Amino acid sequence: MKVKIKNNGKYDLNDSDASNEKEAIAEIRKNCIRDMKQIFVHVPKNYGTSTAHIIFKMTDSEDPDCDANVTTHMTANQMLSIKKYSDHGTFCITRNPYSRFCSVVNWRSRPGKDWLMKELTNLKTPIYSGNDHHYSNQNIRYIKIKSLIYTILTEYLFEDIVQKPTQYGWDRDSNKLDRMFLPQTTWHSESTKLYKSEDYHNEMIRLVRDLKIPEKNRSLESLLGTHHNNQRGSRRGEANRALHTILKSEPELHKKFLEYYHDDFLLFDYGDYVLK
């Protein structure tokens, strides 16, 4: 049963969205490297804030007041549709689709973050527990996160009830899954340069060399030393275990997961049989 919710303003639906070309340009300036015609495509939960922090500490964005924490999540196609940026190159960080899905679940289910996630987590419905009842009975959070993931997959994701891109922004229907659950390929264009998060240190070195990003303000090596994955290991482990158990025990759901994220697995060269 889908949850029908009226968002009361206490939970964010999306961060800043542009409603017209002027607002879109203001957003794109945050991600554009000054004088280089290169735009960073910030795919949610793909080390985007860390990457923006590194790049815009080394050099400058078009927006002199830009903070790495407020770069736009506009897609490459949205940004390149603006005439001023139509001849720019784009680049982004990719991530294993299994790992990214779990990261999105953890991020959206934080207290006060997502109205729909709160409602789904608190639903008074039978808890899905699969084949590991003993473990589930000992860990309430694990039960909740597993039930949440099962509901997300079966009632929303595979039904494609997810917020989609508009001309410059995003659908704001709070009864749909947040756009973060969309495939990563939603954000990049055919010409976007791709760099893998799994080898982040070396890939950032390759990115800076490929794009010839000047190290005007800080060196890349000094900035890479400040990069940390701050996600709590216990929460990440619970979501990974829950997703793994569900997909392993229900092959049809796993097949649908692979189909939904098919382009991510294929274009980014991630093995579809490994859950990390």
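Okay, so let's go over this structure. (Residues numbered from 1 in each chain as written. Predicted model: local features only at pLDDT ≥ 70, side-chain atom pairs only at ≥ 80, totals over all residues. Heavy atoms only, no water.)

Attention now moves to the environment of Arg 172. As for its placement among the helices and strands, Arg 172 is situated in the loop between α7 (140–157) and β4 (193–196). Judged by its relative accessible area of 41%, Arg 172 is partly exposed. Distance in space between the C-alpha atoms of Arg 172 and Asp 17 is 9.7 Å, their sequence separation being 155 residues. (Helix = DSSP H or I, 4+ residues; strand = E, 2+ residues; numbered from the N terminus. Buried < 20%, exposed > 50% of the residue type's maximum accessible area, 1.4 Å probe, protein only.)

Where a strand is regular, its side chains alternate between the two sheet faces. Most of strand β3 (residues 89–94) is tucked away: five of the six residues are buried. Across three bridges, strand β2 (residues 38–40) lies against β3 in parallel orientation. Its bridge partner lying in β3, Ile 39 is registered against Thr 90. Pairing geometry for β3 and β4, over four bridges, is parallel. Bridge pairing in β4 links Cys 92 to Leu 194. (Pairing = 2+ DSSP bridges.)

A separate point is helix α4 (residues 97–108). Counted at 1.5 Å a residue, the expected span for α4 with its 12 residues is 16 Å, and the 16 Å between its end C-alpha atoms agrees. Residues of α4 that are buried include every one of Pro 97, Tyr 98, Ser 99, Arg 100, Phe 101, Cys 102, Ser 103, Val 104, Val 105, Asn 106 and Arg 108, and no others. For α4, the N-terminal cap is Asn 96; the gap from its side-chain oxygen to the backbone nitrogen of Tyr 98 is 2.8 Å. (Expected span 1.5 Å × (residues − 1). Polar contact = N/O pair within 3.5 Å; in protein donor to acceptor, adjacent residues only side chain to side chain.)

This part takes up the pattern of salt bridges. The full count for this structure, using the stated rule, is 11 salt bridges. Arg 108 serves as the salt-bridge partner of Asp 114, at 2.9 Å between the closest nitrogen and oxygen. Relative accessible area serves as the criterion here: at 8%, Asp 114 is assigned to the buried category. Between Asp 160 and Lys 164 there is a salt bridge, with its nearest N and O atoms 2.9 Å apart. Overall, Asp 160 belongs to the partly exposed group, its relative accessible area being 39%. The partly exposed category is assigned to Lys 164, whose relative accessible area is 30%. (Salt bridge = Lys/Arg side-chain N within 4 Å of Asp/Glu carboxyl O.)

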